Structures are given as C-alpha cells and as structure tokens.
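# Observations on chain architecture
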Amino acid sequence: MGVYILEKLVITGQTPLKGEVVISGAKNAAVAILPATLLINGTCTIENLPNISDVKLYCDILSQLGVKIDWISEHEIKVDSRNINSHIAPLDVTRKFRASYYLIGALLGRCRKAQVGIPGGCNLGNRPIDQHIKGFEALGANVEVLQGNITATAKNLQGTSIYMDVVSVGATMNIMLASVLAEGTTIIDNAAKEPHIVDLANFLNTMGADIRGAGTDVIKIRGVKELTGNATYSIVPDQIEAGTFMLAALASKGDIVVKNCITKHLESIIAKIEEIGGNVDANGDHLRVWYSKPLTKANVKTLPYPGFPTDLQPQMGVVLAQAKGTSIINESIWESRFQYTDELRKMGANITAQGKTAIFEGVEQLSAAPVSASDLRAGAALIIAGISAKGKTEIYNLNHIDRGYENIEEKFRKLGAKIERVSE
Ligand code: EPU
C-alpha cells in the first residue's frame with residue numbers, strides 16, 4: 001500500500017512584508033522557449049529558467065523526444081536538439097499539461113509531423129485551440145483531433161497571412177513556432193503582444209530565425225532553412241510573479257523592493273495600485289511598492305497585454321476584498337476564474353461572483369480558514385489572503401502553486417511572512 005503525503009502551507013497572518021524579493025524567469029516564456037529548442041539543429045544554452053515543476057516536466061518531455069539536456073545550474077541548461085528521434089510526444093503526460101500545445105507547432109516545424117495529447121477544458125473553463133489549428137492549416141498542415149490526441153502533418157509548410165479571430169497568446173506563439181522553418185513569409189495579424197511573445201521571438205531570432213514585429217499586433221516571420229543555435233539566451237523576468245509580490249506587499253500593509261523585473265511590463269498593475277491608494281516607485285529593473293493609507297475600491301477589467309492581466313486578477317481580488325467600498329472585477333479572458341472567491345468567502349470576504357463578473361464589498365479584515373487552491377493564480381491569491389488575515393490559514397492543493405512559482409514560501413519568508421510547508 002502506498003503512503004499518501006498531503007502537503008499544506010500554514011500561514012500566520014498580519015505581518016507586513018518588508019525587504020527585497022528577486023523575481024525569477026517567466027514561466028509562460030519558459031514553457032514556449034523549451035519546446036522551441038526542438039526547432040534548432042544544434043545546441044543552445046538557456047539561462048534564467050525558473051525552477052518550477054512545469055519546467056522540469058517540459059525537460060522530461062524533450063528528453064523523451066531525443067533532446068539532450070544538461071543542467072549547468074539550478075537555472076541554466078544546455079540543450080542539444082540535433083538528434084530528435086520522435087515526433088510523438090508522450091501522450092498521457094501532454095494531455096495533463098496545458099502548455100504542451102507548443103509541441104505541435106515546434107514538432108510540425110522541425111519534423112513536418114507532430115502528435116500530442118491535448119487536454120480538454122480545465123479549471124479556468126473552456127480552453128479551445130481552434131486558432132492554433134486554423135494557423136497550422138493555413139500553413140498547409142493537415143490537422144486531426146481524435147481520441148484526445150492532435151495529429152498534424154504537412155508535406156510542405158508555406159508562409160501565408162493569418163488573421164487571429166481572438167487575441168491568443170498560445171496561438172500566436174504556436175504559429176510562430178510552426179512558421180519559422182516554413183517556406184516564404186508568414187504574417188500573423190491581430191497577434192497577442194505579451195512580453196513572453198517578444199521573448200520567444202527574441203529567442204528564435206538569437207538562434208537564427210527572422211521574426212519582426214513581435215510586441216505589436218502584426219508579426220512577420222520570414223522562413224529560414226535552419227536554426228543553427230550555438231547561442232545563449234536568458235529568459236525575461238516573470239511579470240506575473242512580480243505583480244503577485246507587489247499586490248502581496250500592499251495587502252499586508254508592507255513596504256518591499258521587487259528586484260529583477262522589467263517595470264515597463266508592469267504599467268497596468270502600477271496604475272491600478274496607485275488608483276487604490278498604494279505607492280510605487282519604479283526604476284527600470286526594480287521597484288518599491290508600499291502601503292501608507294487605507295486602500296479604496298476600483299473597477300478592474302482583465303484584457304490582453306498591455307491591459308490588466310487575467311493572471312493577476314485573483315491576487316488583485318484579495319486586495320479589493322479588503323479595500324474600502326464596492327469594487328467590480330470583470331474577467332474577460334477566462335470563463336471560470338472566480339473559484340477563489342468561494343475560498344475567500346470562507347475567510348470572511350464579502351464577494352458575489354456570477355459568470356465573468358464579481359462584486360467585492362470591502363471588509364476591514366480577513367480571518368484565517370482552511371482553503372484550497374483551484375489553480376495556480378488562485379493559489380497565489382490565497383497565500384496573499386493568508387498573509388494579511390488574522391490567525392492561521394491552511395492552504396491545500398499546492399501542486400498548482402508549485403507549477404508556476406519558484407520557492408514561493410522561501411521568497412515570502414525572506415520578506416518576513418510566517419509561512420511554512422507542512423507534510424501530513
Ligand atoms: N482562445 C480561443 N481559441 C484559441 C485560443 C484561445 O478562443 O484557439 C480564447 C481563450 O478561450 C481565451 C482567450 O482566447 O478566452 C485567450 O487565450 P490565450 O490563448 O491567450 O491563452 P493561453 O495561451 O491558453 C496563456 C497563459 C495563461 C494566461 C493566458 C492569457 C501559458 C502557458 N498560459 O494561456 O496563463 O492566462 O495566456 O494571458 O502561457 C497562468 O499562467 O496561470 C495561465 C493560465
């Protein structure tokens with residue numbers, strides 16, 4: 001009989017965060033750059049990889065496809081993709097892992113065929129990939145979705161113009177991956193503009209691709225014969241991790257310096273923090289954020305970059321749950337991203353959520369309760385709630401949090417939070 005170990009975070013709240021935190025490399029850049037190495041007929045070195053379980057999982061998948069990965073340090077790998085031996089990704093693993101869809105674009109680009117297990121809906125709601133498929137088909141691939149697997153094959157990939165019906169991070173990056181080694185020029189119109197899109201383009205260009213316009217809504221990819229690699233690339237800092245610590249500082253009535261971030265990527269969060277009465281002093285690659293007076297209500301609508309990111313919506317929700325007045329959050333990206341509000345209600349929050357809208361009647365103080373993380377960002381939000389609440393909060397379902405935040409409890413502990421991981 002196996003032994004079942006249950007891990008939880010135990011947080012004793014009401015400690016204002018103080019000190020400095022160093023931001024890691026971006027998860028959502030890393031999970032696209034790792035499969036992008038499949039396109040390189042050579043070697044490369046990747047620095048500033050976040051030490052998170054999603055990265056480990058991706059490295060395992062790449063190894064199974066014949067990619068040789070050497071860990072140089074906790075945050076740096078050397079990758080040799082000269083001898084890929086399969087276009088079929090491990091189906092059971094990829095089916096459980098959202099970002100596995102980048103394997104389709106990368107394998108299709110390199111091998112002209114790909115088979116990947118595709119996850120269905122997830123706990124954020126329905127997550128269609130029709131725009132990815134539309135892009136692959138426009139490039140000349142034949143795509144079939146059967147029994148939970150997606151198979152894409154192409155005799156030839158031919159550059160073309162593709163208009164995205166919705167602004168999609170994943171589809172923009174996947175089409176970029178599939179078209180880098182296509183013949184001719186591909187134009188992606190109505191492309192997503194997130195910092196990780198620019199990071200993927202910079203990575204591919206460093207390895208020999210010819211991509212222009214990433215970060216605007218028109219991206220032009222001139223197909224090249226080969227990516228030769230033999231270069232080193234450092235992953236962009238994670239703007240969502242930075243925003244998470246900024247909002248935690250505010251909710252805890254603290255004063256912290258966030259180091260190794262790109263403050264330009266945080267403009268929408270800085271603006272919202274200032275609107276509710278928080279303070280930010282931004283200086284290029286670091287910023288100070290501090291609380292000086294009671295926070296007030298705000299309305300928030302999540303939007304593609306440069307709008308307010310959906311991946312910071314739950315963390316912002318915790319702040320607004322304790323701000324004076326009535327705030328409204330409108331979630332315009334995901335169908336089902338208010339599950340964390342059920343947990344916050346257990347902690348005394350006064351929130352009514354229906355569909356894509358939630359109304360927050362600010363309360364003065366949250367109180368501790370046992371709660372459970374429904375997804376990665378919900379987990380981060382509950383940590384913030386625990387740090388600001390009265391009493392001892394217990395958070396369960398930590399696997400979600402470990403997917404995307406590096407050493408989260410250690411980073412919070414360094415800022416003075418009383419947080420521990422306990423195994424039962
Ligand atoms: N959509 C379609 N068709 C598609 C693709 C997307 O209708 O083919 C819709 C989605 O249903 C959604 C919207 O377009 O309503 C935007 O989805 P997008 O494709 O941009 O999301 P994604 O690529 O699946 C990435 C991040 C998410 C983040 C979103 C939005 C990764 C691995 N995931 O998802 O990150 O919320 O962009 O910024 O990069 C997280 O990190 O916690 C997370 C969920």
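Look up: the structure comes first, before these words.
In this text, all values refer to a predicted model and were calculated from it rather than measured experimentally. (Residues numbered from 1 in each chain as written. Predicted model: local features only at pLDDT ≥ 70, side-chain atom pairs only at ≥ 80, totals over all residues. Heavy atoms only, no water.)

## Topic: the sheet that holds strand β23 (residues 418-423)
Ordered by their spatial adjacency, four strands build an open sheet running β21-β22-β1-β23, and the pairing between neighbours is mixed. The strands lining the two open edges of the sheet, one partner per strand, are β21 (370-372) and β23. Here the average twist between neighbouring strands, direction ignored, is 25°. Of the pairings in the sheet, the one linking β21 to strand β22 (residues 392-396) comprises three bridges and is parallel in character. Along β22, the bridge assignment pairs Val371 with Ile395. With respect to the sheet, helix α12 (residues 376-388) is in contact with β1 (7-12), β21, β22 and β23, its orientation differing from that of β1 by roughly 35°. (Pairing = 2+ DSSP bridges. Helix = DSSP H or I, 4+ residues; strand = E, 2+ residues; numbered from the N terminus. Axes fitted to C-alpha atoms, helices over the stretch in contact; angles between N-to-C directions. Contact = heavy atoms within 4.5 Å.)

## Topic: the packing of helix α8 (residues 239-251) against helix α10 (residues 313-321)
Running from amino to carboxyl end, α8 crosses α10 at an angle of 10°, the nearest separation of the two axes being 9 Å. It follows that α8 is roughly parallel to α10 by the angle criterion. In this structure, α8 uses Ile240, Thr244, Leu247, Leu250 and Ala251 to contact α10, whose residues at the interface are Gln315, Met316 and Val319. Across the contact of α8 with α10, the residue classes tally to six nonpolar, two polar and no charged. (Parallel < 35°, antiparallel > 145°, perpendicular 65-115°, else oblique. Nonpolar A, V, L, I, M, F, W, Y, C, P; charged D, E, K, R; others polar.)

## Observations concerning the sheet that holds strand β5 (residues 76-80)
Across the sheet, which stays open at both edges, the four strands sit in the order β4-β5-β3-β13 with mixed pairing between neighbours. Pairing within the sheet leaves two strands with one partner each, and these edge strands are β4 (68-73) and β13 (227-234). With strand direction ignored, the average angle separating the axes of adjacent strands in the sheet is 10°. Strands in contact with helix α7 (residues 195-206) are β3 (40-47) and β13; relative to β13, the strand with the most contacts, it is inclined by about 130°.

## Examining the pattern of salt bridges
Oppositely charged side chains may form a pair once their charged atoms are brought near each other. As enumerated under the stated definition, the model contains 21 salt bridges in all. Among the ionic pairs, Asp375 bridges to Arg337, the shortest N-O distance being 3.9 Å. Of the two residues, Asp375 sits in the loop between β21 and α12 while Arg337 sits in the loop between β18 (326-330) and α11 (340-346), which places them 38 residues apart along the sequence. Across the pair, Arg337 and Asp375 agree in class, each one buried. Asp402 is the salt-bridge partner of Arg421, the closest N and O atoms lying 2.8 Å from each other. Residue Arg421 is found in strand β23, and its partner Asp402 is found in helix α13 (residues 399-404); the two are separated by 19 residues along the sequence. The class for Arg421 is partly exposed, based on a relative accessible area of 26%. With relative accessibility at 24%, the residue Asp402 sits in the partly exposed group. If you follow the salt bridges from partner to partner, you end up with Glu7, Asp402, Glu409 and Arg421 in one network. (Salt bridge = Lys/Arg side-chain N within 4 Å of Asp/Glu carboxyl O. Buried < 20%, exposed > 50% of the residue type's maximum accessible area, 1.4 Å probe, protein only.)

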